[in-house]
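# Coordinate analysis (summary)
If you want the building blocks of each chain, they are given just below.
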Amino acid sequence: MAPDCIFCRIVGGGIPSRKIYDDEDIFAFHDIRPVAPVHFLMVPRVHIASLYECEPSHAAALGKMLAMAGRLAREQGATDGFRTIINTGRVGRQEVYHVHMHVIGGPDVLPGMIVRK
Ligand code: AMP
Ligand code: ZN
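Report follows, based on the coordinates.

What counts and how
Residues numbered from 1 in each chain as written. Chains lettered and ligands numbered in written order. Predicted model: local features only at pLDDT ≥ 70, side-chain atom pairs only at ≥ 80, totals over all residues. Heavy atoms only, no water. Helix = DSSP H or I, 4+ residues; strand = E, 2+ residues; numbered from the N terminus. Expected span 1.5 Å × (residues − 1). Bend = angle between axes of the 7 residues up to and from the residue. Buried < 20%, exposed > 50% of the residue type's maximum accessible area, 1.4 Å probe, protein only. Contact = heavy atoms within 4.5 Å. Donors = N, O, S within 2.8 Å, 3.2 Å for Na, K, Ca; no water. Tetrahedral: all angles 85-135°; square planar, octahedral: opposite > 155°, others 65-115°. Pairing = 2+ DSSP bridges. Axes fitted to C-alpha atoms, helices over the stretch in contact; angles between N-to-C directions.

Here we come to helix α2 (residues 59-76). For α2, spanning 18 residues, the distance from its first C-alpha to its last is 25 Å, which sits close to the expected 26 Å at 1.5 Å a residue. Where α2 bends most, at A69, the angle is about 40°. Taken together, the buried positions of α2 are A61, M65, M68, A69, L72 and A73. On the buried face of α2, the contacting elements are β1 (19-22), β2 (26-30), β3 (38-44), β4 (82-85) and β5 (101-105). Looking at the residues trailing α2, positive phi occurs at G77, about 110°.

So, in structure tokens, the structure goes:
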């Protein structure tokens, strides 16, 4: 746990969140500023600042985030597809430095991922 990390504090219960799932490895909760009808975040319980800091010992938690995404997306109402995004670092526009995977969906087709110029 990193005391200054907002997502560590959410996992620890010190900051409230709208939790949708948790187990011994991961924690999932609604994004506070959703960009689509379904928008939640999945994080490892352990503090990892970004994908740059990930190691093989983190594989179970990271794998579980992917393995659970479809079930949770469906339960939240994204029944016809969704998008997963992990932003990393400055170029990836990462805002919170605790690895998190966005799960974004809803009834409408999402915009293209990166606008072609
Ligand atoms: P990123 O740019 O991938 O680092 O995105 C961070 C995400 O965390 C944003 O979509 C924020 O809306 C979301 N966020 C920040 N603080 C909270 C919070 N307290 N509870 C839920 N989501 C949050
Ligand atoms: Zn953290």
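The protein atoms donating to the zinc ion (ligand 2) are C5 (SG), C8 (SG), H47 (ND1) and H98 (ND1), with metal-donor distances spanning 2.0 to 2.3 Å. Geometry at the zinc ion (ligand 2) is tetrahedral, judged from its four donor atoms and the angles of 106 to 117° they form at the metal. Taken in chain order, the donor set of the zinc ion (ligand 2) reads C-x2-C-x38-H-x50-H. Here H98 lies in the loop between β4 and β5 and H47 lies in the loop between β3 and α2, a separation of 51 residues in the sequence. For H47, a relative accessible area of 28% puts it in the partly exposed group.

Reading across the sheet, the five strands line up as β1-β2-β3-β5-β4 and stay open at both edges, with antiparallel pairing between neighbours. The outermost strands of the open sheet, each flanked by one partner alone, are β1 and β4. The sheet shows a mean angle of 20° between the axes of neighbouring strands, direction not considered. As paired elements, β2 and β3 share five bridges and run antiparallel to each other. Residue pairing in the sheet places H30 in a bridge with F40 of β3. Sheet contacts for α2: β1, β2, β3, β4 and β5; angle to β3, the most-contacted strand, approximately 155°.

Now for the pairing of β3. In terms of residue burial, β3 counts as a mostly covered element, since seven of its seven residues are buried. Burial along β3 is two-sided: the face carrying V38, F40, M42 and P44 and the face carrying H39, L41 and V43 are both buried. Pairing analysis gives five bridges linking β3 to β5, with the strands arranged antiparallel. By the bridge assignment, H39 is partnered in β5 with I104.

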